[in-house]
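Remarks on the overall topology
Each chain, letter by letter, is given below.
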Amino acid sequence: MTTAAAYALSAADGAFEKVTIERRDLGPRDVLIDIKYAGICHSDIHTARDEWGGTRYPCVPGHEIAGLVAAVGSAVTKYKVGDRVGVGCMVNSCGKCGPCLADEEQYCTRGATMTYNSVVDPAVQPEGYTMGGYSTQIVVTEGFVVGIPEGIGLDQAAPLLCAGVTLFSPLRHWNAGPGKQVAIVGMGGLGHIGVKIAAAMGAEVTVLSHSLSKQDDGKLFGASHYYATSDRETFRALRGRFDLILNTVSADLPIDHYLKLLGLDGTLVILGLPENPMSIKPFTVTGFRRSLAGSMIGGIAQTQEMLNFCAEHGIGAEIEVISADEIDGAYDRVVASDVRYRFVIDVSTM
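Residues numbered from 1 in each chain as written. Predicted model: local features only at pLDDT ≥ 70, side-chain atom pairs only at ≥ 80, totals over all residues. Heavy atoms only, no water.

1. Topic: the overall build of the protein
Secondary structure assignment for the protein yields 11 helices and 17 strands. Relative to the globule expectation of 20 Å for 350 residues, the C-alpha radius of gyration of the protein, 20 Å, shows essentially globular dimensions. When the 350 residues of the protein are sorted by exposure, 54% land in the buried category. Counting only carbon and sulfur atoms, one obtains 49% of the accessible surface of the protein, whose full area is about 14900 Å². Averaging the positions of the 28 positive and the 39 negative side-chain charges in the protein gives two centres separated by 7 Å. (Helix = DSSP H or I, 4+ residues; strand = E, 2+ residues; numbered from the N terminus. Rg over C-alpha atoms; globule rule 2.2 N^0.38 Å. Buried < 20%, exposed > 50% of the residue type's maximum accessible area, 1.4 Å probe, protein only. Areas by Shrake-Rupley, 256 points an atom, 1.4 Å probe, with all protein chains shown as cover. Lys, Arg positive; Asp, Glu negative; His and termini not counted. Charge placed at Lys NZ, Arg CZ, Asp CG, Glu CD.)

In structure tokens form, the structure reads like this:
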């Protein structure tokens, strides 16, 4: 085992503290990464504060990891020391089930090993659970490391490892592109990247946000239209308009109202995770053969495709870089929607 500096939470109501954690020794197919930047995702907050239950403490969150290769195992072929690399939400999967064989490791039938707060595979490490990217180094098997192309700063690339692929995957799956009307619900950490990617794919993009306060940003990122959902007229004016709606917010929404904005064979995809169950009226989906679906991040191959796409189109996250001792305040600001649009930790401050 080797050690790394990290920032951990020891209890749901605690504050982050600097700690020393262990990383496994480098195996033949492992990559040791010097982490340069770690994005803050709302999932980090839910987990660290045990809002979803089952959090293991001490908890080191972070699954938006960008850095440089520090060492490689003897059998590693894809990466060499000094390469720009990233790690997203997963660090392993069974590799044998249908989803894994289809490059959809996030849907591994045995359960993917997540980057933090996930019980480790005994074949990889005898015991313990994973600790994430709020740390100076991490060891990850080669197959779950992606290359970050030149043209994207490591700081702007970090949030793409979760937020970016979370939007890219459904946009690809439901064929967003020229001639398609795509709506993004919410213009936050997820939504702003979705606007950029959907516009770069050639779709006509509409933002549906609670207010018009971020309208200028939305237009700058590529949206053709911007509507306030607090205005009842919005739902009348846009009824039957869209082929695809991506809901990025975690708030409880009147989902029926949004489903009615879909045209024939349109799909509304749930990406944000509200606390309470959703309720819909069956006639809302049967009338126009509408679909309500969900999507979860993307596989490793698709994550690499997303990074290559973003580099080609000059897409990065809009970020505010913070030091490690500002994590607690950043969490509170994320909950208060007081960030445009993602916090990224400068790991050198650890």
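Having seen it, we continue.
2. Let's talk about the packing of helix H4 (residues 163-173) against helix H10 (residues 300-312)
The contact between H4 and H10 brings their axes to 10 Å, and the two run at 100 degrees. Classified by the angle their axes make, H4 and H10 are roughly perpendicular. Side by side, H4 and H10 meet where Gly-164, Val-165, Phe-168, Ser-169 and Arg-172 of the first sit next to Gln-302, Thr-303, Glu-305, Met-306 and Phe-309 of the second. Here the contact of H4 with H10 is built from residues that sort into 4 nonpolar, 4 polar and 2 charged. (Axes fitted to C-alpha atoms, helices over the stretch in contact; angles between N-to-C directions. Parallel < 35°, antiparallel > 145°, perpendicular 65-115°, else oblique. Contact = heavy atoms within 4.5 Å. Nonpolar A, V, L, I, M, F, W, Y, C, P; charged D, E, K, R; others polar.)

3. A short note on the sheet that holds strand E10 (residues 181-185)
Within the open sheet, the 6 strands sit side by side as E12-E11-E10-E13-E14-E15. Their pairing is parallel. Of all strands in the sheet, those bounded by a partner on one side alone are strand E12 (225-228) and strand E15 (291-294). Across the sheet, the axes of successive neighbouring strands diverge by a mean angle of 20 degrees, strand direction being ignored. Note that strand E13 (residues 242-247) and strand E14 (residues 262-270) share 5 bridges and pair parallel. Within E14, the residue paired with Leu-246 across the bridge is Val-269. Strand contacts of H4: E10, E13 and E14, with the helix running at about 160 degrees to E13, the strand carrying the most contacts. (Pairing = 2+ DSSP bridges.)

4. Topic: the pairing of strand E4 (residues 65-72)
Pairing between strand E3 (residues 30-39) and E4: 7 bridges, direction antiparallel. Residue Leu-32 lies in a different strand from E4, and its bridge partner there is Ala-71. In this structure, E4 lies alongside strand E5 (residues 84-87), joined through 4 bridges in antiparallel fashion. Bridging across to E5, Ala-66 finds its partner in Gly-86.

5. Thoughts on the side chain of Ser-118
Take Ser-118: it is sitting in the loop between strand E7 (113-114) and strand E8 (137-141). Overall, the relative accessible area of 11% leaves Ser-118 in the buried class. One polar contact links the side chain of Ser-118 to the main-chain amide nitrogen of Met-114, over a distance of 3.1 Å. (Polar contact = N/O pair within 3.5 Å; in protein donor to acceptor, adjacent residues only side chain to side chain.)

6. Points about the pattern of salt bridges
Opposite charge on two side chains permits them to pair, given that their charged atoms come into close proximity. The tally for this structure, following the rule as stated, stands at 13 salt bridges. For Arg-84, the salt bridge identified is with Glu-150, shortest N-O distance 3.6 Å. Of this pair, Arg-84 sits in strand E5 while Glu-150 sits in the loop between strand E9 (146-147) and helix H3 (154-157), placing them 66 residues apart in sequence. Here Glu-150 falls in the exposed class, since its relative accessible area comes to 63%. (Salt bridge = Lys/Arg side-chain N within 4 Å of Asp/Glu carboxyl O.)

7. Digging into the domain arrangement of the protein
In terms of domains, the protein is made up of domain 1 (2-159 + 318-349) and domain 2 (164-294). Placing the centre of domain 1 and that of domain 2 at their C-alpha centroids yields a distance of 29 Å. Listed per partner, the contact involves 6 residues of domain 1 and 12 residues of domain 2. Summing both partners gives a buried area of about 890 Å² for domain 1 against domain 2, and 47% of it is carried by carbon and sulfur. When the area that domain 1 buries against domain 2 is broken down by residue, the three leading residues are Glu-318, Arg-340 and Tyr-341, summing to 58%. Taken together, the links from domain 1 to domain 2 amount to 2 salt bridges. Ionic pairing is found between Asp-217 and Arg-340, a salt bridge with its closest N-O pair at 3.3 Å. Here the residues of the side of domain 1 that touches domain 2 are counted per class, giving 3 nonpolar, no polar and 3 charged. (Domains from an automatic or database assignment. Buried area = accessible area lost by both parts, 1.4 Å probe.)

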